[in-house]
Amino acid sequence: MKNQGEISAGGAIDFNILFNLSDDPQCIINTLGYFEKVNYKFAEESGLTEAELLSSSFADLIHEDDVNQLNQALLTAGPGRIVEFEARLPYSRHAYKAFLWKATLSGGNLYLAGKKISNHGPLAHRFMQTDTLPLTSDTSLAELMSSDEAGASAQNEHRFKTLVQNSTDLLAILSIEGEYKYVSPTVKRILGFDPEYYIGKNAFSFIHPDDLKRLIPLFENIVNNLKIELPAYRFISSDGKWHWLETVATNLLHDPTINGIVVNSRDITLHKEMESDILRNSRKLSNLIEHNRDGSFILSRDWRFTFLNSVIRNTPELPKGLTVGVNIWKAIPNAKNTAFYTEFQRAFAENTPVHFKEFSPLFNKWFEVNAYPFEDSLTVMIRDITEQKVQQLTLSLEKEVLEMTAASTYSFKQLTDHLLSGFENIHAGLKASLSIVDKETNKLVPLSVPSITGLYKTDSEGVEISTGSGPCSLAAVNHSEVYVSNILTDGIVGNFRDTLLAHKITSSLSLPVIDKNGEVLAVFTLFNSGHRRLLKSGTGLIERLGTIIQLLLENNQAKKDIELSNERYQLTTQATSDSIWDLDLKSQRLYRGDGFDQYFNQQPGFEPIELRKWEHNIHPEDAERVESSLENALADNSINKWTAEYRYLRKDGSYARVIDKGFIVRDKEKQAVRIVGAVQDISEIRKSQEKLIQSEENYKNMFFNNPTPMWTYDMESEHFTMVNAAALALYGYTEEEFLQLDLLSIRIEEEHEKLREEMKSEAFLADRNVSKEWTHLRKNRSAMIVEVISHAVLINGRRSRLVAIKDITDKKKDRQEILAQNRRLREIAQISSHETRKPLASILGLVNLFDKENLSNPLNKEIIQYLDVTANELDTVIHNIVGKTWLESETSPSFPE
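Thresholds, definitions, all that
Residues numbered from 1 in each chain as written. Predicted model: local features only at pLDDT ≥ 70, side-chain atom pairs only at ≥ 80, totals over all residues. Heavy atoms only, no water. Helix = DSSP H or I, 4+ residues; strand = E, 2+ residues; numbered from the N terminus. Buried < 20%, exposed > 50% of the residue type's maximum accessible area, 1.4 Å probe, protein only. Contact = heavy atoms within 4.5 Å. Areas by Shrake-Rupley, 256 points an atom, 1.4 Å probe, with all protein chains shown as cover. Arc of directions from axis to C-beta. Salt bridge = Lys/Arg side-chain N within 4 Å of Asp/Glu carboxyl O. Core = buried A, V, L, I, M, F, W, Y, C linked by side-chain atoms within 4.5 Å. Phe/Tyr/Trp six-rings, centres within 6.5 Å; stacked < 30°, edge-to-face > 60°. Pairing = 2+ DSSP bridges. Axes fitted to C-alpha atoms, helices over the stretch in contact; angles between N-to-C directions. pLDDT = per-residue confidence, 0-100. Parallel < 35°, antiparallel > 145°, perpendicular 65-115°, else oblique. Expected span 1.5 Å × (residues − 1). 1 Å grid on protein atoms, 1.4 Å probe; cavity = no way out; pocket = protein on both sides within 12 Å on 5 of 7 lines; lining within 4 Å. Points joined across faces, edges and corners; volume = space filled by probe spheres on them. Nonpolar A, V, L, I, M, F, W, Y, C, P; charged D, E, K, R; others polar.

Draft legend 1. Main features of the overall build of the protein. Counting its secondary structure elements, the protein contains 29 helices and 34 strands. Per-residue burial over the protein gives 42% buried out of 897 residues. The long-range fraction of contacts in the protein, counting pairs at least 24 apart against all pairs at least 6 apart in sequence, stands at 46%. In the structure as shown, the protein presents an accessible area of about 50,700 Å², 51% of it carried by carbon and sulfur atoms.

Structure (structure tokens):
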């Protein structure tokens, strides 16, 4: 059987390759039914090895009910004839898988190809409906008839009819023009029409038009020949489908009993379909192998390439001119020192498939290789598994580092050295370094530089974190990766260039390690020294390595924090009166901290203890209560915290008031296994609290019994919170009613805005004492003028103000009356100073005119008359003043002496 598919530029894929790589089970058995060859799919479906199968027969393997169909196939199949039968292969002790098998005879052996079908059924019976042996490919009707010397006998006639009626071939007799004169009954099974349908019709009218051109000239030659063979052609059936037929025509026109051309046709549709499938699969397989992303090639036994797919031909690392006929070990001599050479040798020597994984320095990659020997060739499939292998090795490295971290016996530098060295081993051609950020000096201090000697002058030298101190420093400043594509020319490399070039570094990638708070903890740098490409962020591996480094950094910081916390704990326990204790309930061992020795005359450290002795130093009046409280807390699995206050014996024999707080540790079943606590001496606190309580009592007595009206209000809600009896009497409310009110409820509306402004004032907001006059409303809505004095206080932790009220309504009225009286007295004084001045001035003027030396002077008499008139005027003014004064005295308020 020849393969009809070719692969361009690579050579032909022969039958052996197709046989071995087929997705369907295939085998070759001899005429006795024993296996001569099986492909890998057959071994897989049968569950047996190739060696096991080659010592068995096909009949021993299949279901016993299908053996008869196999035997029919062995008898029926012939060269160029394909028969089908159904046979089941076992896949468990009592279960079978059904396959439809196509069988053909080739080279004296039977070639079988199987197709899995869903259900076992009578498919084969469509092709084998009788146990009678049908006509063979080289037996014609004429030969059967001519071999029958006593054709007229009943026995021979019966024999002829039996052979014709039960034959799997289609027998017919045509006229010289090609019209049907006789058609055998098998036409019904093959083409669907009854035999009578064809009588009188021309056979060429049923043949596909594309096949007529080559068939008609051949058929015309029958006139001059006894027998001709017509190549495969298409013949239409009753359902409109084209069947492929193969025909042998015998010229019996000279035989008066026949007088026609006997045609013996065989339906080879299945054979054609199988050929088409094989051709299609061959092309599909060829295309798959050629364009598969995996490399594949075939070697002859003398190690020469007989086929190379495009992946192999286009691989830049391989020598140019690698093609069919080239010896693999001469073309790639370094490969002789690898598993490729030893495993390929073993595959040929042991005739067994080989599978291995190998790192190739030539490619700087990992490969997974499968090689399948078949007779004198070795088919090799190569897959690049670098990414998977790197991930596997990286995962293993991460596991090692985490296990070392958990062991707590390695320093932080040892962990990072192991991590970076392992990374360099996984990625050949890459080197790495890790520098830690020193916040105090603002420097990057080198921690781990496994392979690049001389990068830093000293291990603690470090570089300043700034934009001009190199790529690592720049990454720390910018909080982002810094990629240097060319060490030789990039200006940011700075003073590190010579050292990097000495180590053949061509490029670098610096990545900051940032914690959850956005702070740079360290800078991780990769250096490329011969690697084909520098790994960049986004590949996943870099991020994973950065994550591990971050975990190590955070774990190291956590260790430092724990050490610092322990140190603080020790200092705290020494600086405070707290005494730490730890009770292991399983071992019944108690640990006491240093505080017990310092304050309570008990030795620190571990000692056995019984719970019943817990109250040893507790005051007798408190012991039973404390012990019961602890036992109840331990028994209740919903309680995790325990607190008790009691009196505990001091060194000097006195009792301290202590508060004991414990945290209960429980197991998965919620049973208490441990309790850790602290005893704190609160004697002074309790004394202060007692004084405070007494002070508060005194304050309350002073507030509630004070004769001055007083109340408090909450500054946020502006509602009253306390009120004394004097205030309730002043405003006329009950205590319950008053405490329902707020600041605006007792004020006239005209002063609401004024109050808001006052509460925004600097003095008010600064909580200074404030004294103001306001108009307040009593419960009966009568107004009163009050003087308000307030200052800020804290009540139950809330900002409040204490207010004292003084009713100045009457005082305000008296003051107004005095002011009115003063106004009237000013009027009297004005009258006195103005009205009396005129007559008095006249009197004084007349007195000056009076002639004292000459009393008889007639002018004196006239002056005396004027003096009399003026005196009367003065008398009138004085009476008016006296009258107004008495009127004022009658209307003036009286004041106590």
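Structure's up, so let's keep going.
Draft legend 2. Structural context of helix 25 (residues 752-759). Every buried residue belonging to helix 25 is among Leu755, Glu758 and Met759, and all of these are buried. Down the axis, helix 25 shows its buried residues gathered within 95° of arc, on one side only.

Draft legend 3. Broad picture of the pattern of salt bridges. Counting across every chain of the model gives 31 salt bridges. Of the charged contacts in the structure, one is a salt bridge between Arg647 and Glu621, with a shortest N-O distance of 3.0 Å. Residue Arg647 is found in strand 27 (residues 641-649), and its partner Glu621 is found in helix 21 (residues 620-635); the two are separated by 26 residues along the sequence. Residue classification places Arg647 among the partly exposed residues on the basis of a relative accessible area of 22%.

Draft legend 4. Local environment of the nonpolar core. Counting residues in each nonpolar core, the largest one holds 27 residues, and the members touching the most others are Leu419, Phe423, Leu434, Phe524, Ile549, Leu552 and Leu553. For this core, the secondary-structure elements that each account for two or more residues are helix 15 (386-407), helix 16 (412-426), strand 18 (430-438), strand 22 (507-514), strand 23 (520-528) and helix 19 (541-575). Leave out the neighbours within four places in its chain, and Leu552 touches Val401, Thr405, Phe412, Leu415, Thr416 and Leu419.

Draft legend 5. Main features of unusual backbone geometry. Residue Gln588 is not a glycine yet carries a positive backbone phi of 55°. Even without a glycine there, the phi angle at Arg781 is positive, about 70°. One can find Arg781 in the loop between strand 32 (770-777) and strand 33 (783-795).

Draft legend 6. Structural detail: the packing of aromatic side chains. Applying the stated rule across the entire model yields 35 aromatic pairs. Pairing Phe35 with Phe42 gives two aromatic rings, centres 5.4 Å apart and planes at 65°, and the pair type is edge-to-face. Residue class for Phe42 comes out buried when judged on its relative accessible area of 0%. Ring centres 4.9 Å apart and planes at 70° place the aromatic pair Trp329 and Tyr341 in the edge-to-face group. Of the two residues, Trp329 is situated in helix 13 (residues 328-331) and Tyr341 in helix 14 (residues 339-350); the sequence distance between them amounts to twelve residues. According to the relative accessible area criterion, Trp329 is buried, its value standing at 7%.

Draft legend 7. Fine view of the pairing of strand 10 (residues 227-236). One ladder, built from eight bridges, connects strand 10 with strand 11 (residues 242-252); its direction is antiparallel. Bridging from a neighbouring strand, Lys227 pairs with Thr250 of strand 11. Linking two consecutive strands that pair antiparallel, namely strand 10 and strand 11, is a turn of five residues; a positive phi of about 85° is found at Gly240 within it.

Draft legend 8. Molecular detail of the sheet that holds strand 3 (residues 26-29). Spatial ordering of the open sheet is given by 4-3-7-6-5, a layout of five strands whose pairing is antiparallel. Both edges of this open sheet fall to strand 4 (35-38) and strand 5 (82-90), since each of them pairs with a single strand only. Neighbouring strand axes in the sheet, compared pairwise and without regard to direction, differ in orientation by 30° on average. In this structure, strand 3 lies alongside strand 7 (residues 109-117), joined through four bridges in antiparallel fashion. Pairing of Ile28 across the sheet is with Tyr111, part of strand 7.

Draft legend 9. The arrangement of the confidence of the model for the protein in detail. When pLDDT is averaged along the protein, the result is 79, and 79% of the positions lie at 70 or above. For the stretch residues 1-14, pLDDT sits under 50, and the model shows 29 contacts to residues farther than four places along the chain or on other chains. Predicted confidence for residues 892-897 stays below pLDDT 50, and this span has four contacts to residues more than four positions away or in other chains.

Draft legend 10. Spatial organisation of the pairing of strand 22. Within strand 22, seven of the eight residues are buried, which leaves it mostly tucked inside the rest of the structure. The pairing of strand 21 (residues 482-484) with strand 22 spans three bridges and is antiparallel. Bridge pairing in strand 22 links Val484 to Ser508. Bridge analysis of strand 22 against strand 23 gives eight bridges, and the strand direction is antiparallel. Bridge pairing links Leu509 to Leu526 in strand 23. With antiparallel pairing between neighbouring strands as the criterion, strand 22 and strand 23 make up a hairpin whose turn holds five residues, including Gly518 at a positive phi of roughly 85°.

Draft legend 11. Summary view of the environment of Asn251. Secondary-structure assignment places Asn251 in strand 11. Residue classification places Asn251 among the buried positions, given a relative accessible area of 9%. Through-space distance from the C-alpha of Asn251 to that of Leu226 is 4.9 Å; in sequence the pair is 25 residues apart. If near-sequence neighbours (up to four positions away) are discounted, Asn251 is found in contact with Ile222, Val223, Asn225, Leu226 and Gly260.

Draft legend 12. Seen up close, the sheet that holds strand 20 (residues 463-464). Spatially, 20-19-18-23-22-21 is the arrangement adopted by the six strands of the open sheet, whose pairing is antiparallel. If you trace the sheet from one side to the other, it starts and ends with strand 20 and strand 21, each paired once. Lying on the sheet, helix 16 is in contact with strand 18, strand 19 (443-448) and strand 23; it crosses strand 18 at an angle near 150°.

Draft legend 13. Main features of the packing of helix 15 against helix 16. Following both chains from N to C, one finds helix 15 and helix 16 inclined at 170°, their axes separated by 10 Å at the closest point. As judged from the angle between their axes, helix 15 and helix 16 are roughly antiparallel. Of the residues in helix 16, those touching helix 15 at Val390, Leu393, Thr394, Leu397, Glu400, Val401, Met404 and Thr405 are Gln414, Leu415, His418, Leu419, Gly422, Phe423 and Ile426.

Draft legend 14. Quick peek at the environment of Glu773. Positionally, Glu773 belongs in strand 32. Taking the relative accessible area as the measure of exposure, Glu773 reaches 38% and is therefore partly exposed. For Glu773, the contacting residues outside a window of four places in its chain are Lys754, Val786, Glu787, Ile808 and Lys812.

Draft legend 15. Spotlight on helix 10 (residues 209-220). The terminal C-alpha atoms of helix 10 lie 17 Å apart, and with twelve residues this matches the ideal 16 Å at 1.5 Å per residue to within 8%. The inward-facing, buried residues of helix 10 contact strand 8 (170-174), strand 10 and strand 12 (260-267).

Draft legend 16. Spotlight on empty space enclosed by the protein. Per the stated rule, a full pass over the model turns up five cavities of 30 Å³ or more. When its volume is computed, the largest cavity comes out at roughly 180 Å³. Those elements giving two or more residues to the lining of the largest cavity turn out to be strand 8, helix 10, strand 10, strand 11 and strand 12. Grouping the constituent residues of the lining of the largest cavity by class yields 15 nonpolar, two polar and no charged. In this structure, the second largest cavity spans a volume of roughly 160 Å³. Broken down by secondary-structure element, the contributors of at least two residues to the lining of the second largest cavity are strand 30 (710-714), helix 25, strand 32 and strand 33. A breakdown of the residues in the lining of the second largest cavity according to their chemical character gives ten nonpolar, one polar and three charged.

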